Protein chains: 4
Amino acid sequence: MDIISENLIKTVITPRPLTTHKGNYGRILLIGGFDNYHGAIIMASKATVFSGAGLVTTLTDQANVSNLNIAIPEVMALGYTKTLALPSLIKNYDVILIGPGLGLSKIATNLLRTVLNSIQVNQTLIIDGSALTLMAQNCYSLPKTALTVLTPHTMEWQRISNILIKNQTVNENQRMVNILNAHVVLKKYHTEVYQPHGTPLRLNVGGPYQATGGMGDTLAGIIAGFLGQFPKNQQTVAAATFIHSKIADELAKTQYVVLPTQITAKLPEFMHYYSNF
Amino acid sequence: MDIISENLIKTVITPRPLTTHKGNYGRILLIGGFDNYHGAIIMASKATVFSGAGLVTTLTDQANVSNLNIAIPEVMALGYTKTLALPSLIKNYDVILIGPGLGLSKIATNLLRTVLNSIQVNQTLIIDGSALTLMAQNCYSLPKTALTVLTPHTMEWQRISNILIKNQTVNENQRMVNILNAHVVLKKYHTEVYQPHGTPLRLNVGGPYQATGGMGDTLAGIIAGFLGQFPKNQQTVAAATFIHSKIADELAKTQYVVLPTQITAKLPEFMHYYSNF
Amino acid sequence: MDIISENLIKTVITPRPLTTHKGNYGRILLIGGFDNYHGAIIMASKATVFSGAGLVTTLTDQANVSNLNIAIPEVMALGYTKTLALPSLIKNYDVILIGPGLGLSKIATNLLRTVLNSIQVNQTLIIDGSALTLMAQNCYSLPKTALTVLTPHTMEWQRISNILIKNQTVNENQRMVNILNAHVVLKKYHTEVYQPHGTPLRLNVGGPYQATGGMGDTLAGIIAGFLGQFPKNQQTVAAATFIHSKIADELAKTQYVVLPTQITAKLPEFMHYYSNF
Amino acid sequence: MDIISENLIKTVITPRPLTTHKGNYGRILLIGGFDNYHGAIIMASKATVFSGAGLVTTLTDQANVSNLNIAIPEVMALGYTKTLALPSLIKNYDVILIGPGLGLSKIATNLLRTVLNSIQVNQTLIIDGSALTLMAQNCYSLPKTALTVLTPHTMEWQRISNILIKNQTVNENQRMVNILNAHVVLKKYHTEVYQPHGTPLRLNVGGPYQATGGMGDTLAGIIAGFLGQFPKNQQTVAAATFIHSKIADELAKTQYVVLPTQITAKLPEFMHYYSNF
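As recorded by an unreviewed UniProt entry, chain A carries the name ADP-dependent (S)-NAD(P)H-hydrate dehydratase and is attributed to Periweissella beninensis. The UniProt entry for chain A carries the following comment under Cofactor (unreviewed entry): "Mg(2+)". Within the UniProt record for chain A, the comment given under Function (unreviewed entry) is "Catalyzes the dehydration of the S-form of NAD(P)HX at the expense of ADP, which is converted to AMP. Together with NAD(P)HX epimerase, which catalyzes the epimerization of the S- and R-forms, the enzyme allows the repair of both epimers of NAD(P)HX, a damaged form of NAD(P)H that is a result of enzymatic or heat-dependent hydration."

Laid out in structure tokens, this is it:
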């Protein structure tokens, strides 16, 4: 298994062509922040904006709309209502991320099912957090997309893959990734990034200063932002995963713990660094 | 076509006379932030305050009032209600900016029409964002004002001018600017600033790190702030446009992307720099 | 007329005795932030906290309570209701500031009248902003207090004193201050600080970079904070007025305009500086 | 009585093992922020997150949920409702802190009684602020836990212990601590940290720049965060108390007053410093 290297990141994060505009950097739809999990989608949305996405829309609990507007006014916040026409909404986006703070409610299940049924083959899908648990609980199949990314931690991966944590070897994981035909970011000590029928990549940055709530939501937001503007492939997913933990490493040089929103704030600076080699 | 130079900015941003007070720096009314676009007027309002406007009032969706109070307490936030007496409200202001996050609803249309009908010849009007689309859809005419500024991107300009994007040459644009008798900030790579029967100016600062949502809302807010305190002419509009992108250039020396609110935070410092030559 | 000097400030802002606690630094009640003026009391409250007050309570519009909690959680925010027992509430405080964003409504008038009728001779009262206009409109008399401070700009002073702005000479102002038996901070270019039957002091710091909304609300908040912890006299009022503009001067070395909340953020540092001579 | 030394802190705050995750750093439940005291639990929650707790949940007034989501999205905010099943909720947490901004209402009393009745012998309990007053008023007994910490100031300690402030000698306090079988942080000039049948520790850092509202709420939050990740003993309680005031000392080198949220922001950096000896 290869290590995700700084050289790989540099091939992903490239200087922007001069005449581009926000339409060139992705239209991203984030779905989450229901029940008692409003903060999760706030953190994910911030991460997507700071990672350079062109246009970010977040569908969330009606009671979370003002929170989002205050926390990150750059995001267009949509409040969920029963009359929401999600299939036609989805059509407007390149990348859909569902999961941060989604919860396990009936509304959550309906939103996930609608996304799975509506997404088109030219769109990119990221499934995170409780959406992964809902996938497993309901035995939903993955849709045909340009690229699908799952971002489970080891317990969520067990639910999705039916591979017990103790049996989650690289070979077993890769076998299941091939079957699912999805990219998988398996979050753990030395996170692994899988692509179907490819070579897994392993993260050798990051550390226990990241062991705090919201870290995964932020990673999901960065992956969405990166897939909106860079090539839709394993390298881009790996680059997002790398930069998230690399920033944490840097902050940990002077901090015992690193907060998710602190990582987000550093994204523009670190992306600049890697784009200038 | 002339380039907007740093020398021009210095003639606009001049030291403030010692005995002046906030009444000397403009009473600005911003109108926007409806439907799902609350964040847009928050960003515009912040930009107007940080650009040094004397008194800033923002008329927005009732549900956006608290967001504004939290994000920028220096602004007086008014919530839209059906009984709003907009014509008498407008009388109190020197500069009216309508458009950031206005949307295309019936309320938006009514607000725009009322502004167009109520504004007086000694007032300044800036029309931005969806207000431009509403102008075109409803074939509204521009009112007589001290100065009117339109801030379209190329597609909005096509709607307003009926000049297809591919035909938007300087000569064609200038011809239509003369007919409209309005200043136009045509936003694109190398933005152009037109005045009626004058010489267009071209921006040679700014870059693709600005390709993110809210950038235009922030520019509109700066233009409003500048027209409240500096001479109401093309140079002032050009200075606002220049400083917006010049700050982005500076930030981009260490950032891959530049957020609108980051530009706003730097306005007082950059205005100080240009006022001291 | 004497100039407010740095030496005077140093006699006011002295090192805190080691064994003191928050009860030694004043219990301050702020009243304001109604109608469309929510932001004003947010700015005043922040200023009172950052100036070192021991305990700060703010009575404001019910709809402004959450805004305050978010902006400055150190403040106890009370929402106004019809059943409010203001007289018994007031008893708990050393210093009452009424005015920032109070407005001119019937509720505002009732609040002001109740404060004037309830305040005791051992308490300190500061009347600011629209509360001054209400005083004049209703011909209210000032109550007997330990110290009363009025903070009018020249037009508000005209309303209170019946001295036309053009006739507001030091002698005329001092004559009226003697009659009112209140301290007066007359806000203008070179603000003047009067005490009854005393020598007026003049400010020679500050400048036009302060010409922005919320500057007066912030000054009122600092005066309240200072009167909560320092001797209740003209020197303390003058010290608050001085530090407010002195910070602005410092910020203006690199900023074209200075925002009220930026001044507030610098209070702890500047107070430290003046306490260490 | 021993002084709390930097060496003691260093034995508590140790480097994190590489393969740990957020489950290793405590599941903390905070309860408070009712009536007019919303800000108190916001400050406590922030402190718990910044001190490195793995997962922080805050149960608060329904009207305070959005405030928390905006102020610290890393926290899961639960709004109190009459149907809340607190006993089963409590089961999910390692550490329960009740008190910051809890108030003295019937709801507050019910919440406290339920916590006292539901908490298990393997859980840690911290009782702060008005919860201490409620304990005394209702003559509640302390439950059997892994560790219980009370954080009274001297008047609250008088209510709890029935020892008059003037009689609160180390011997008398220790005698009552033995009876209560709880750790006690007695907040005053030179705060004392007691454990049952042990040696009290005294704080020799901190100062009057901390004499401002919210300081105690922040300390309670840090103690909760520390007990979630470090050994559940007197040293950990002392380390939390020490770092809170030590940061204040550092900030006071340039500030006349120190705000609670400023202390919180410095926690990751100071914890890093002490973990690297």
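A tally of regular secondary structure across chain A gives 11 helices and 10 strands. Compactness check: chain A gives a C-alpha radius of gyration of 17 Å against a globular reference of 19 Å for 277 residues, within 12% of the reference. In terms of its C-alpha atoms, chain A occupies a principal-axis envelope of roughly 45 × 45 × 40 Å. Counting only residues that meet the buried cut, chain A has 63% of its 277 residues in that class. Residue pairs in contact within chain A that sit at least 24 positions apart in sequence constitute 67% of those at least 6 positions apart. Accessible surface, chain A: about 9,800 Å² in total, of which carbon and sulfur atoms supply 50%. Here chain A carries 20 positive and 14 negative side-chain charges, and the mean point of each set is 6 Å from the other.

All names here are of chain C. Within strand 2 (residues 27-31), 4 of the 5 residues are buried, leaving the element largely enclosed by the surrounding structure. In this structure, strand 2 lies alongside strand 3 (residues 55-60), joined through 5 bridges in parallel fashion. Bridge pairing in strand 3 places isoleucine 31 opposite leucine 59. Regarding topology, helix 2 (residues 38-50) serves as the crossover connection from strand 2 to the parallel strand 3, and that connection is right-handed.

The next point concerns the UniProt feature "binding site: (6S)-NADPHX" (unreviewed entry) in chain A. The positions UniProt marks with the feature "binding site: (6S)-NADPHX" (unreviewed entry) are Ala40(A), Gly101(A), His153(A) and Asp217(A). With sequence-adjacent residues up to four places away left out, Ala40(A) is seen in contact with Pro100(A), Gly101(A), Asp217(A) and Pro73(D). For Gly101(A), a relative accessible area of 10% puts it in the buried group. The contact partners of Gly101(A), leaving out residues within four places of it in the chain, are Gly32(A), Gly33(A), Phe34(A), Tyr37(A), Ala40(A) and Asp217(A).

Residue and element names in this part refer to chain D. Judged by pairing direction, the sheet is mixed, and its 10 strands sit side by side in the order 1-10-9-8-7-6-5-2-3-4 without closing on themselves. In this open sheet, the two strands that pair with only one neighbour each are strand 1 (2-3) and strand 4 (76-79). Bridging between strand 1 and strand 10 (residues 201-202) involves 2 bridges; their strand directions are parallel. By the bridge assignment for strand 10, aspartate 2 is matched with leucine 201. Set on the sheet, helix 10 (residues 234-252) makes contact with strand 7 (147-151), strand 8 (183-186), strand 9 (192-194) and strand 10; between it and strand 9 the angle comes to about 160 degrees.

What follows is about the nonpolar core. Residues and elements named next belong to chain A. Judged by nonpolar contacts, the single largest core of 60 residues is most densely connected at Ile4, Ile13, Phe226 and Ile243. Broken down by element, this core gets its largest block of residues, 9 residues, from helix 10 (residues 234-251). In contact with isoleucine 4, not counting residues within four places along its chain, are Ile9, Val193, Leu201, Arg202, Leu203, Asn204, Ala238 and Phe242.

To continue, consider the UniProt feature "binding site: AMP" (unreviewed entry) in chain A. UniProt marks Lys187(A), Lys188(A), Tyr189(A), His190(A), Thr191(A) and Gly216(A) with the feature "binding site: AMP" (unreviewed entry), using the numbering shown here. On the basis of their most widely separated C-alpha atoms, the annotated residues across 30 residues gather in one place, lying no more than 14.2 Å apart. Look at Tyr189(A) and you get partly exposed, because its relative accessible area is 36%. Those residues in contact with Tyr189(A), other than ones at most four positions away along the chain, are Leu18(D) and Thr19(D). Once residues within four sequence positions are removed from consideration, His190(A) is found in contact with Arg202(A), Leu203(A) and Asn204(A).

This part is about the arrangement of the chains. Separating chain A from chain C is a minimum C-alpha gap of 10 Å, and the two share no contact. One finds no contact between chain B and chain D; the C-alpha atoms of the two approach each other to within 10 Å at their closest.

This brings us to the interface of chain A and chain B. Taken together, the contact between chain A and chain B spans 31 residues of the former and 26 residues of the latter. A buried area of about 2,300 Å², summed over both sides, lies between chain A and chain B, and 63% of it is on carbon and sulfur atoms. When the area that chain A buries against chain B is broken down by residue, the three leading residues are Arg16(A), Ile70(A) and Glu74(A), summing to 25%. Connecting chain A to chain B are 0 salt bridges.

This next bit is on the packing of helix 2 (residues 38-50) of chain A against helix 9 (residues 215-229) of chain A. Residue and element names in this part refer to chain A. In contact at an axis separation of 7 Å, helix 2 and helix 9 are set at 35 degrees when each is read in the N-to-C sense. The chirality of how helix 2 crosses helix 9 is right-handed. Where helix 2 approaches helix 9, its residues Ala40, Met43, Ala44, Ala47 and Thr48 are matched on the opposing element by Asp217, Thr218, Gly221, Ile222, Ala224 and Gly225. Classifying every residue of the contact of helix 2 with helix 9 by side-chain character gives 6 nonpolar, 4 polar and 1 charged.

Right, let's talk about the interface of chain C and chain B for a bit. Listed by partner, the interface residues are 26 residues for chain C and 30 residues for chain B. Carbon and sulfur atoms make up 63% of the area that chain C and chain B hide from each other, which totals about 2,300 Å². Inspection of the chain C/chain B interface yields 0 salt bridges. Counting across the interface, chain C meets chain B through 10 residue pairs in polar contact (both at pLDDT 80 or more). Contributions of two or more residues to the side of chain C that touches chain B are made by helix 2, helix 3 (65-71) and helix 11 (260-275) of chain C. Here the residues of the side of chain C that touches chain B sort into 15 nonpolar, 10 polar and 1 charged.

Right, let's talk about the sheet that holds strand 1 (residues 2-3) of chain B for a bit. Strands sit in the order 1-10-9-8-7-6-5-2-3-4 (chain B) across an open sheet of 10 strands; the sheet is mixed. Strand pairing shows two members of the sheet lacking a second neighbour, strand 1 and strand 4 (76-79) of chain B, which therefore form its edges.

Our focus in this paragraph is the pattern of salt bridges. Summed over the entire model, instances satisfying the criterion amount to 28 salt bridges over all chains. Of the charged contacts in the structure, one is a salt bridge between Glu192(A) and Lys188(A), with a shortest N-O distance of 3.1 Å. Residue Glu6(B) pairs with Lys246(B) through a salt bridge whose shortest N-O separation is 3.8 Å. With Glu6(B) in helix 1 (residues 6-12) and Lys246(B) in helix 10 (residues 234-252), this residue pair connects regions lying 240 residues apart in the sequence.

The next subject is the relation of the copies chain A and chain B. For the match of chain A to chain B, the screw axis carries a shift of 0.0 Å, the RMSD comes to 0.0 Å, and the turn is 90 degrees. Here the transformation between the copies is reduced to the relation of a four-fold axis. Judged by C-alpha distance, Ile70(A) is the residue of chain A that lies nearest the rotation axis, at 5.2 Å. Comparing interface residues between copies, only 3% of those in chain A also lie at the interface in chain B; the contact surfaces differ.

With that settled, consider helix 9 (residues 215-229) of chain B. Between its terminal C-alpha atoms helix 9 of chain B stretches 22 Å, which fits the 21 Å expected from 15 residues at 1.5 Å a residue. For helix 9 of chain B, a buried count of 14 out of 15 residues is recorded, marking the element as mostly surrounded by other parts of the structure.

The next subject is helix 6 (residues 130-138) of chain A. Residue and element names in this part refer to chain A. Looking only at helix 6, the buried set comprises Ser130, Ala131, Leu132, Thr133, Leu134 and Met135. Where helix 6 is buried, its residues contact strand 5 (95-98), helix 5 (106-118), strand 6 (124-128), strand 7 (147-151) and helix 7 (154-161). Looking one or two residues past helix 6, cysteine 139 carries a phi angle of roughly 50 degrees, positive in sign.

Another point: the pairing of strand 2 (residues 27-31) of chain A. Pairing analysis gives 4 bridges linking strand 2 of chain A to strand 5 of chain A, with the strands arranged parallel. In the strand pairing of strand 5 of chain A, Leu30(A) is matched with Leu97(A).

Expressed as a screw operation, the relation of chain C to chain B combines 0.0 Å of axial shift with a rotation of 90 degrees, fitting to an RMSD of 0.0 Å. In this assembly, only 4% of the residues forming the interface of chain C have copies in chain B that are likewise at the interface, indicating a heterologous arrangement.

In this section: the environment of Thr81(D). Looking at the secondary structure, you find Thr81(D) in the loop between strand 4 and helix 4 (86-90). Along the sequence, Thr81(D) and Leu59(D) sit 22 residues apart, while their C-alpha atoms lie 9.9 Å from each other.

Residue and element names in this part refer to chain B. As enumerated under the stated definition, the model contains 20 aromatic pairs over all chains in all. When the centroid spacing of 6.0 Å and the interplanar angle of 75 degrees are considered together, the rings of phenylalanine 242 and tyrosine 274 count as edge-to-face. Taken as a pair, phenylalanine 242 in helix 10 and tyrosine 274 in helix 11 (residues 260-275) lie far apart in primary sequence, 32 residues in all. Ring centres 4.9 Å apart and planes at 75 degrees place the aromatic pair tyrosine 273 and tyrosine 274 in the edge-to-face group.

Each value, and the rule that gives it
- Residues numbered from 1 in each chain as written.
- Chains lettered and ligands numbered in written order.
- Predicted model: local features only at pLDDT ≥ 70, side-chain atom pairs only at ≥ 80, totals over all residues.
- Heavy atoms only, no water.
- UniProt positions renumbered as here; feature names shortened; annotations may be inferred.
- Helix = DSSP H or I, 4+ residues; strand = E, 2+ residues; numbered from the N terminus.
- Rg over C-alpha atoms; globule rule 2.2 N^0.38 Å.
- Buried < 20%, exposed > 50% of the residue type's maximum accessible area, 1.4 Å probe, protein only.
- Contact = heavy atoms within 4.5 Å.
- Areas by Shrake-Rupley, 256 points an atom, 1.4 Å probe, with all protein chains shown as cover.
- Lys, Arg positive; Asp, Glu negative; His and termini not counted.
- Charge placed at Lys NZ, Arg CZ, Asp CG, Glu CD.
- Pairing = 2+ DSSP bridges.
- Right-handed = clockwise from strand over helix to strand, strands pointing away.
- Axes fitted to C-alpha atoms, helices over the stretch in contact; angles between N-to-C directions.
- Core = buried A, V, L, I, M, F, W, Y, C linked by side-chain atoms within 4.5 Å.
- Buried area = accessible area lost by both parts, 1.4 Å probe.
- Salt bridge = Lys/Arg side-chain N within 4 Å of Asp/Glu carboxyl O.
- Left-handed = near helix turned anticlockwise from the far one by under 90°.
- Nonpolar A, V, L, I, M, F, W, Y, C, P; charged D, E, K, R; others polar.
- Polar contact = N/O pair within 3.5 Å; in protein donor to acceptor, adjacent residues only side chain to side chain.
- Least-squares fit on C-alpha atoms with pLDDT ≥ 70 in both.
- Expected span 1.5 Å × (residues − 1).
- Phe/Tyr/Trp six-rings, centres within 6.5 Å; stacked < 30°, edge-to-face > 60°.

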